[in-house]
Amino acid sequence: MGEDNNYSNATQDNVLQEQVDEHKVDKGKLFGTFDGVFTPTLLTILGVIMYLREGWVVGNAGLLGAWLIILISCSITLLTGLSLSSITTNIRIGAGGAFSIISQSLGLEVGGSIGIPLYLAQALAVAMYIFGFRTGWQWLFPDHPAILIDLCTFAALFIIAYISASLAFRIQYIIMAIIAGSLISVFWAFFTVPAQQPITWWGTFSGSPETMFTGIGFWALFAVFFPAATGIMAGANMSGELKNPRKSIPIGTMSAIVLSTIIYMALAYLLIRMATPEELVSNYNILLDRAAWTPIVVAGLLGATFSSALSSIVGAPRILQALGDHRILPKSIWFSTRTQSGEPRNSIIFTGMIVLVALMLRDLNAIAPLITMFFLLTYAMINVVVFMEQSLNLVSFRPLFRIPRAVSFLGATGCLFVMFTINSTFSLVAVVVVVSIHSFLLRQHLKAPFGDVRSGLFVALAEWAAKKVNELTVSRERAWRANILVPVEDPQDLRGMFNLIRDISYPKGFIKLLGLTGKVEKKELHARLPDITRSFQDEGVFSSWTIIDVPSFEDNLVAGMEALAGSFFRPNIIFLTLPSSKQREEDTRILIQKASQNGIGVVIYAPHPKSGLGRHKSINLWIDDKSPDWEISMNLGNMDLAVLVGYKLKRKWQASMNLITTVADDSQKKKAEEYIMTLAELARLPNVNTYALEGSIEAIMHEIPQAALNIYNITAEPDFEFMRRMVELTGSSCLFTLDSGEESALA
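Residues numbered from 1 in each chain as written. Predicted model: local features only at pLDDT ≥ 70, side-chain atom pairs only at ≥ 80, totals over all residues. Heavy atoms only, no water.

A. View of the packing of helix 2 (residues 33-45) against helix 13 (residues 294-325). It is the contact of helix 2 with helix 13, at a shortest axis distance of 8 Å, that shows an interaxial angle of 125°. With respect to helix 13, the element helix 2 is oriented oblique. For the element pair helix 2 and helix 13, the recorded crossing hand is left-handed. Facing helix 2, whose interface residues are P40, L43 and T44, helix 13 presents A304, S307, S308 and S311. (Axes fitted to C-alpha atoms, helices over the stretch in contact; angles between N-to-C directions. Helix = DSSP H or I, 4+ residues; strand = E, 2+ residues; numbered from the N terminus. Parallel < 35°, antiparallel > 145°, perpendicular 65-115°, else oblique. Left-handed = near helix turned anticlockwise from the far one by under 90°. Contact = heavy atoms within 4.5 Å.)

B. The nonpolar core, seen in detail. Y51 and Y264 are the most contacted members of the largest nonpolar core, which totals 142 residues. Here this core gets 16 residues from one element, more than from any other, and that element is helix 13. Once you skip the residues sitting within four places of it in the chain, Y51 turns out to touch I179, S182, Y284, L287, V297, G300, L301 and A304. Core analysis: the second largest hydrophobic core is formed by 57 residues, L513, L613, M639 and A692 among them. (Core = buried A, V, L, I, M, F, W, Y, C linked by side-chain atoms within 4.5 Å. Buried < 20%, exposed > 50% of the residue type's maximum accessible area, 1.4 Å probe, protein only.)

C. Quick look at the packing of aromatic side chains. For the structure on display, the rule yields 27 aromatic pairs. Residues F190 and Y269 carry aromatic rings whose centres are separated by 6.2 Å and whose planes lie at 65° to one another, so their mutual orientation is edge-to-face. Remark: Y269 occurs in helix 10 (residues 245-274) and F190 occurs in helix 8 (residues 165-192); sequence separation between them is 79 residues. Taken together, the aromatic side chains of F218, W219, F222, F226 and F417 make up a single cluster linked through ring pairs. One cation-aromatic arrangement involves R345 over Y162; the distance from NZ or CZ to the ring centre is 4.7 Å. (Phe/Tyr/Trp six-rings, centres within 6.5 Å; stacked < 30°, edge-to-face > 60°. Lys NZ or Arg CZ within 6 Å of the ring centre and 35° of its normal.)

D. Just unusual backbone geometry, in detail. In this chain, Y506 is followed by P507 through a cis amide linkage whose omega measures 0°. Locating P507 in the fold gives a position in the loop between helix 20 (498-505) and strand 2 (510-516). A cis amide bond links S627 with the next residue in sequence, P628, at an omega value of 5°. As for its position among the elements, P628 is in the loop between strand 6 (618-622) and helix 24 (640-653). At R327, a residue that is not glycine, the phi angle is positive and equals roughly 55°. Note that R327 resides in the loop between helix 13 and helix 14 (332-336). The backbone of N687 shows a phi angle near 50°, a positive value even though the residue is not glycine.

Here it is as structure tokens:
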């Protein structure tokens, strides 16, 4: 156990050192808060909706309605931004932004199931932004062919992204200046035009020109505007290329969210004062028409769509590269390859191919809502991660920026609410896609170089369940499962018993390997027991191991048994082998007595030296003599464990089962047969054969069917000579069981 922990710590140390070294090597190419986070995030938020649809929203909803829509939208992204800020001050975030955050908390499978759709959404969003850019361009040049505009815009975006992220960010400074100029032009017009409209506080929700102004609801307006508040992951997607992501992502993201909210709120006020509601709902270009200088506003519209596309085509390949780093995708090594300057050129090329195919489809309106759903699911998962970390109260969660738990909870519920408000059908489709990817990744057995909080989550659930179970006063007989304690003196001895132990505990029990020093060196136990444990786990049975270092076999095993008996998930069966010496017989008798005192059942395995367990085709279960009355009750005496073990092996082996008993004289046969058949029915043992035979066990051996395994029950004072004789008489391996008192074959 200690060696495993040392290996794990060494691995984590190596990963940490690799992260530090990587930042040292590429420090000249890394970005700060303003250029790496604030600028791309703000430019992605301030997009085409601000220029072409905010006026329409204000005209429909009035100033208070528009402000309410803006505040709800921005509040959801603000809550998510706060959660994002909190978690990034707690972890060493790697490449991939949201993918890295989710993976480090919930594992690569969950991170990948969100990261893959997020990457596709980000890539397809590039095509959507290009279509928006084309709309603005054709407003200036209506005769230019649409396909030519799209391809030229794509070529410019791809070349910039391919050269370097640094070039993209330098261009975004120019775009930011243009957008700032366009906003100044709008504000200038407001203050220089003397005639201003009275404020309409609450609108009539008249609708749009496309629907002939037949009306529209508040939440339908909200669904149109909400995408304007998204884009907060643009900076986080560059996490792998930031000088200090722990500092830059919170400051840059939150600054962009707050500033964009102020701009949207102020612009709504200007719009309601600059034009009548009728003008606002009927003219999507009202900002362009009323600006002090229209060309700069048109340039701002083009710049907003171009910068959003640029942020996406730069950010998406970083997500793909991060997925490749963790071997989540086919051809992962190719995707994860970076140039000496840190550019993921292979991922950029692949992303460019996806964007080009999307452009050739010419219309993505049908799947546009699905793209929004993937973004919202990502936001929701960021909030869920923080909420879980806060709820578990693990010492590892100590962010430098703390937020109340209500923030992450409201952020998650808000994202889910918005998803199903915008489009419930696409929301369900998005959830199904994520769940399907998660199921696929679970089968890939991904190995993460970092720990996550899933174990803490399950431990918390187990602790809660343990408290609830301990509060119950009723018997646990119906919840019984085979939790087996297996003493191991020499790991080689398990080779012939591995399958039998697995089959008894499968599928819901567990196996605890108790290494006992003395027969082999402690070092060998440390080396072999983890491998055996993993073998059981690979076969679908939970297993763990520990080592007890006490001088003698009896002391060893008693110490381990008594230590484990007090645990919640304690063993209820101790698995022993038939003792081979008089001294071991005495030790075993003491162990059986101690097991009974601790409420632990006993299974003693006596293998046949030649036949072993045979072909697993048949099992003989021997029933105690209940003469003279042969009356059945809920108390079967000492047969419950034998019946339960026999049933589990019958199911796992798909074997036939024979219930056998002996009677002293012929007058008892009918009662015995009725007893066995009633027992089979009450114990729900399907398709069994029953035998009530007259005479001693030795006398009737020729009448019983041959079986791979014979199961008997024993008393607390076992007769080891009887056990050896049964192995010899039956010509098969045998199991001998002793109840703990907590089993019930009839429950």
